[in-house]
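Observations on the model geometry
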Amino acid sequence: MRENNTLDYYNLHTADFVNTTQNVDFHEMQELFLSFLPAKAKLLDFGCGSGRDTKYFKDNGYEVDAMDGSKELCKVATKYTGIQVRHMLFEDFNECNAYDGIWACASILHIKKCELPDMITRLYQALKKNGVIYMSFKYGDFEGERNGRYFTDFTEKTFEKFVGEIDNLQVKEEWITGDVRPGRGEEKWLNVI
């Protein structure tokens, strides 16, 4: 991920990013994800950003681990959530049978499409039996750098074709939403469990 400036962007724009994401009401998405999980499930917030979702899950009785590739976001999220957020690059993640659920909200969309199958396979391996992953991507067909960050976008059709090539993965639910951040109502997101 280093070659595409995405981490530099988040380290340099931490305050702006936190201001536009940390207090956004995202409980409908969070609750839909949790509806697939047992009570007191062990969760991983993969690319936790400002810590918004980690805090929500923790405050609702779940055991949560969180990690992010941005050192600056890790500092903010640790302070905000009260748990130690691990600084870790996505490519260094390698766990097995550890989580009931993995929340990858607007995080793995920063990975090149050609590298995503390996990343999703590693996320899948980190799940316990019958575990679930939530992923979200900007809606569209774009891949490349936009506004200082790398993005891989998907539509329903392109994601279904893409995920069909990854062993053992099954789409349980898929839906499109608008962006919940102020001033971004025109942007669309593909959400997948």
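That block above? That's the structure.
Since we're looking at a predicted model, the values are computed, not measured.

1. Focus: helix α5 (residues 71–81)
Within the span of α5, buried status applies to L73, C74, A77 and T81. Buried residues of α5, seen end-on, are gathered within an arc of 100° and therefore sit on one face of the element. Residues K71, K75 and K79 are exposed on α5 and point more than 90 degrees away from its buried face. Considering only its buried residues, α5 is in contact with α1 (6–12), α2 (14–21), α4 (52–59), β2 (63–68) and β3 (86–87). Backbone geometry just after α5 places G82 at a positive phi near 80°.

2. So, the packing of aromatic side chains
Throughout the structure, instances matching the rule amount to 16 aromatic pairs. Considering the side-chain rings of F46 and F90, the 4.6 Å spacing of their centres and the 25° angle between planes classify their relative orientation as stacked. Residue F46 is found in strand β1 (residues 42–46), and its partner F90 is found in the loop between β3 and β4 (99–104); the two are separated by 44 residues along the sequence. Overall, the relative accessible area of 0% leaves F46 in the buried class. Seen in terms of ring centroids, Y134 and W175 are 6.2 Å apart; in terms of plane orientation they differ by 40°. Their pairing is tilted.

3. Section: the side chain of T155
With respect to the element layout, T155 can be found in the loop between β7 (149–152) and α7 (156–163). Residue T155 is classed as buried on the basis of its relative accessible area of 13%. In this view, T155 contacts Y139, G140, D141 and L190; residues no more than four positions away in its chain are not counted.

Criteria and thresholds
- Residues numbered from 1 in each chain as written.
- Predicted model: local features only at pLDDT ≥ 70, side-chain atom pairs only at ≥ 80, totals over all residues.
- Heavy atoms only, no water.
- Buried < 20%, exposed > 50% of the residue type's maximum accessible area, 1.4 Å probe, protein only.
- Helix = DSSP H or I, 4+ residues; strand = E, 2+ residues; numbered from the N terminus.
- Arc of directions from axis to C-beta.
- Contact = heavy atoms within 4.5 Å.
- Phe/Tyr/Trp six-rings, centres within 6.5 Å; stacked < 30°, edge-to-face > 60°.

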